[in-house]
Amino acid sequence: MLAIRDQRDKRAFAQLFDHFAPRLKGFVIRSGAAPGQAEDIVQDVMLSVWRKAHLFDPERAQVSSWIYQIARNRQIDIARKNGRPLPEALKAEETETEPDAGQVLALEQETDVLREALNRLNPDQREMIEKAYLGELSHSDIAETTGLPLGTIKSRIRLGLERLRHELKDLRQE
């Protein structure tokens, strides 16, 4: 996304499109759109991503969050334009108020526990888990960027997740 934002890199955009287009289409269809309409929405969303790339700030949101928010907003715009009732999932999200202090505190505590558990992992395992789950890279992408064999990547992630599960269990009992 940064290459698209900073250099208008068409090849990077093509990769981003190939990754997100099928996922967005499924998301839009699950929200109640017909398959044809979903394809139109996805095209619209990805065009917006290209046009608004300069607005993307990695410190404010992950790429996926930013793109899915654009898709959700586009669906709401279309529903309003057509005078159709909003799908329940979108209506619920639109009417939610700010989370209460208890929810915010609980989320912060969960985040701290997860961060502590991640820090207890072997650095190689932690790096692979962060790339796969926080960086949203596929196993093949991780292998390509690190130069490690795909089997090694998968093993480190599997072993790291198993250890992470045990660390989380131990931290919650403390």
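The rules behind these values
- Residues numbered from 1 in each chain as written.
- Predicted model: local features only at pLDDT ≥ 70, side-chain atom pairs only at ≥ 80, totals over all residues.
- Heavy atoms only, no water.
- UniProt positions renumbered as here; feature names shortened; annotations may be inferred.
- Helix = DSSP H or I, 4+ residues; strand = E, 2+ residues; numbered from the N terminus.
- Contact = heavy atoms within 4.5 Å.
- Areas by Shrake-Rupley, 256 points an atom, 1.4 Å probe, with all protein chains shown as cover.
- 1 Å grid on protein atoms, 1.4 Å probe; cavity = no way out; pocket = protein on both sides within 12 Å on 5 of 7 lines; lining within 4 Å.
- Points joined across faces, edges and corners; volume = space filled by probe spheres on them.
- Nonpolar A, V, L, I, M, F, W, Y, C, P; charged D, E, K, R; others polar.
- Expected span 1.5 Å × (residues − 1).
- Buried < 20%, exposed > 50% of the residue type's maximum accessible area, 1.4 Å probe, protein only.
- Salt bridge = Lys/Arg side-chain N within 4 Å of Asp/Glu carboxyl O.

As named in an unreviewed UniProt entry, the chain is RNA polymerase sigma factor, taken from Maritimibacter harenae. Annotation of the chain in UniProt includes, under Sequence similarities (unreviewed entry), the sentence "Belongs to the sigma-70 factor family. ECF subfamily."

Looking only at helices and strands, one finds nine helices and zero strands in the chain. Reading the secondary structure of the chain in the N-to-C direction produces α-α-α-α-α-α-α-α-α. Taking the contacts inside the chain whose residues are at least 6 apart along the sequence as the reference set, 60% of them involve residues at least 24 apart. Carbon together with sulfur atoms contributes 50% to the accessible area of the chain, which is approximately 11600 Å² in total.

Attention now moves to the layout of surface pockets. To locate leftover empty space, one rolls a probe as large as a water molecule over the atoms. Of the volumes computed, that of the largest pocket is approximately 650 Å³. Considering the residues around the largest pocket, the lining is formed by 19 residues, among which Met-1, Leu-16, Gly-135, Glu-136 and Leu-137 are closest to the centre. Breaking the lining of the largest pocket down by element, the ones donating at least two residues are helix 2 (10-30) and helix 8 (139-146). For the lining of the largest pocket, the leading source of residues is helix 2, giving five residues. Residues belonging to the lining of the largest pocket are distributed by class as follows: eleven nonpolar, five polar and three charged.

This part takes up helix 9 (residues 150-173). The end-to-end C-alpha distance of helix 9 is 35 Å, a good match for the 34 Å that 24 residues give at a rise of 1.5 Å each. Within the sequence span of helix 9, burial applies to Ile-153, Ile-157, Gly-160, Leu-164, Glu-167, Leu-168 and Leu-171.

In this section: the pattern of salt bridges. Evaluation of the coordinates by the stated rule reveals nine salt bridges. Across the salt bridge formed by Glu-116 and Arg-120, the nearest N and O atoms sit 3.3 Å from each other. By relative accessible area, which is 30% here, Arg-120 ends up partly exposed. Members of the salt-bridge network, linked through shared partners, are Glu-116, Arg-120, Arg-163 and Glu-167.

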